[in-house]
Structures are given as structure tokens and as C-alpha cells.
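Read off the chains here:
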Amino acid sequence: TNLSNSNFIGIPSPRLSELKKNKFNSRLNNRINKSKKILFISNLLHRFPHISTCGQSRIDFINEINNEQIELIKNCKENNIMVYHKPYHKRYTDMLKNHYFKLQEIGSSKYKIYDVKQKGLSKNLLEDFPLFVWDQVGTGTLDCFIINKPTMVLWQNIYSRPSKFAR
């Protein structure tokens, strides 16, 4: 009863509540064809095998995961697409220095580690990149779906698979 004079604004996602869907989409449409670049966001990776009920990357599949990333960078370079790579955390670039060095070698001027201090999405990331590529479905992917952000999932079913129900 105390809220009867309030105006409510529908928001696309609680985690991205500062964005209004129509305002975001109009900015997106103005930028989408201006650059051929993507933001590749790779998943959490534990240093040691662990028990998890989530679809987190597993260190025992590191070769398959790294090969998938190498193929992505090769294909993007061949198609003149700039890849900005946002690892889940900086410790992965430290832990897997040789892999990230190899990605830089392969991608050359078409590959760059996106140096950002926070994990997840931000207003600036959403505005700066016309396309997001994830290595699996997660909460950030779902946020992008909700606000109609062009999104792809490079999901090779290496360490997680959709249930029969989800298929």
C-alpha cells in the first residue's frame, strides 16, 4: 500500500540492472558492424582436480581445453577477427604462461589479453564488444541472452554436457 505512487522500471537482469534493454540495444545496433572483434571469456579452472556439481573446467582436461582455445584463435585470425581474451582470473595467465604465450604467437596482432581487474560483465564490456564468445554456458552467458547481447558458446562438451532434458 505504501508503494502505490511508485513507478517501476523493468530491468533485463538483476546483475545488469543499470542497463535498460532498449537503450542498450540502440547503442549495440550502432556499433555492431563497426568492428570485427570479439570478447572471448574463458571459464574458471581449478589448479587441482576437484569434486563439483557445476560445469567447471577440469584441470585433467587441460590439453583439450587449450587445444580448443588454440583453434578459436587460429580461426579468428584467418578470418581477420580481433580476439580480446578475458580469462576468468589473472592467476590462469600466470599458471599457464606457455599456453597464453602460444595463443599470442598464433594470434599475433589479432589476439590480446583483455586486462581487467574484475570477473564477470560490466557496462563498459557490454558496450565495447559487438560479440561475446564463452567456452561454456554460465551466469554471464545467461545475462547476455536476457539482454539480447550477441553471444556464442564454444562448447565442445569436454568436461560438461547438457542433460537429455536440456537438449
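Before reading on, note that the structure itself is shown above.
One structure accompanies this document, and this report is about it. No experiment lies behind these values; they were computed from the predicted model shown.

Calculation rules
- Residues numbered from 1 in each chain as written.
- Predicted model: local features only at pLDDT ≥ 70, side-chain atom pairs only at ≥ 80, totals over all residues.
- Heavy atoms only, no water.
- Phe/Tyr/Trp six-rings, centres within 6.5 Å; stacked < 30°, edge-to-face > 60°.
- Helix = DSSP H or I, 4+ residues; strand = E, 2+ residues; numbered from the N terminus.
- Buried < 20%, exposed > 50% of the residue type's maximum accessible area, 1.4 Å probe, protein only.
- Salt bridge = Lys/Arg side-chain N within 4 Å of Asp/Glu carboxyl O.
- Pairing = 2+ DSSP bridges.
- Axes fitted to C-alpha atoms, helices over the stretch in contact; angles between N-to-C directions.
- Contact = heavy atoms within 4.5 Å.
- Arc of directions from axis to C-beta.

With respect to the packing of aromatic side chains
Think of a pair of aromatic rings as described by two things: how far the centres are apart, and how the planes are tilted against each other in angle.
Here is step 1 of the chain: Scanning all chains against the criterion turns up four aromatic pairs.
Here is step 2 of the chain: Consider the rings of Tyr84 and Phe129, whose centres lie 5.2 Å apart with planes at 65°: the pair is edge-to-face. Of this pair, Tyr84 sits in strand β2 (residues 82-86) while Phe129 sits in the loop between α5 (123-128) and β4 (132-134), and the two are 45 residues apart along the sequence. Take Tyr84 and Phe129: they sit in the same class, and that class is buried.
Here is step 3 of the chain: Classification of Phe129 as buried rests on a relative accessible area of 3%.
Here is step 4 of the chain: Members of the aromatic cluster, each reached through a chain of ring pairs, are Tyr84, Tyr114 and Phe129.

Some words on the pattern of salt bridges
Side-chain pairs of opposite charge can arise whenever the charged atoms involved come near each other.
Here is step 1 of the chain: In this structure the tally under the stated criterion is two salt bridges.
Here is step 2 of the chain: Here Glu71 ties to Lys74 by a salt bridge, and the two come within 3.8 Å at their closest N and O atoms. Pair noted here: Glu71 and Lys74 are both in helix α2 (residues 62-78), with a separation of three residues, about one helical turn.
Here is step 3 of the chain: Ionic pairing is found between Asp94 and Lys90, a salt bridge with its closest N-O pair at 3.1 Å. Here the residue Asp94 and the residue Lys90 both occupy positions in helix α3 (residues 90-95), the gap between them amounting to four residues, near one helical turn.

Some points on the pairing of β2
Here is step 1 of the chain: Taken across its five residues, β2 has five buried, putting it largely inside the fold.
Here is step 2 of the chain: On β2, burial covers both faces: Met82, Tyr84 and Lys86 on one face and Val83 and His85 on the other are all buried.
Here is step 3 of the chain: Of the pairings in the sheet, the one linking strand β1 (residues 37-41) to β2 comprises five bridges and is parallel in character. Among the inter-strand pairings, Lys37 is bridged to a residue of β2, identified as Met82.
Here is step 4 of the chain: Here β2 runs beside strand β3 (residues 111-113); their pairing, made up of three bridges, is parallel. Pairing of Val83 across the sheet is with Tyr111, part of β3.

Comments concerning the sheet that holds β2
Here is step 1 of the chain: One open sheet accounts for five strands, arranged β3-β2-β1-β4-β5; its pairing is parallel. At either margin of the open sheet sits one strand with a lone partner, and together these are β3 and β5 (151-153). Here the strands of the sheet are splayed against their neighbours by 25° on average, with no regard to which way each runs.
Here is step 2 of the chain: Here helix α4 (residues 97-107) sits on the sheet in contact with β2 and β3, set at roughly 150° to β3.
Here is step 3 of the chain: In this fold helix α6 (residues 139-146) packs onto β4 and β5, with an angle of close to 145° to the strand it touches most, β5.

A short note on unusual backbone geometry
Here is step 1 of the chain: Within the chain, Ser108 stands out as a residue other than glycine whose phi angle is a positive 55°.
Here is step 2 of the chain: Mapped onto the elements, Ser108 comes out in the loop between α4 and β3.
Here is step 3 of the chain: Backbone geometry at Asn148 places phi at a positive 60°, although glycine is not the residue there.
Here is step 4 of the chain: Among the secondary structure elements, Asn148 is positioned in the loop between α6 and β5.
Here is step 5 of the chain: What makes Asn148 partly exposed here is its relative accessible area of 43%.

Focus on α6
Here is step 1 of the chain: Within α6, the full set of buried residues consists of Gly140, Thr141, Asp143 and Cys144. Burial along α6 is one-sided: seen end-on, the buried residues are contained in an arc of 160°.
Here is step 2 of the chain: The elements touched by buried residues of α6 are α5, β4 and β5.
Here is step 3 of the chain: Positive phi appears at Asn148, one or two residues downstream of α6, with a value of about 60°.

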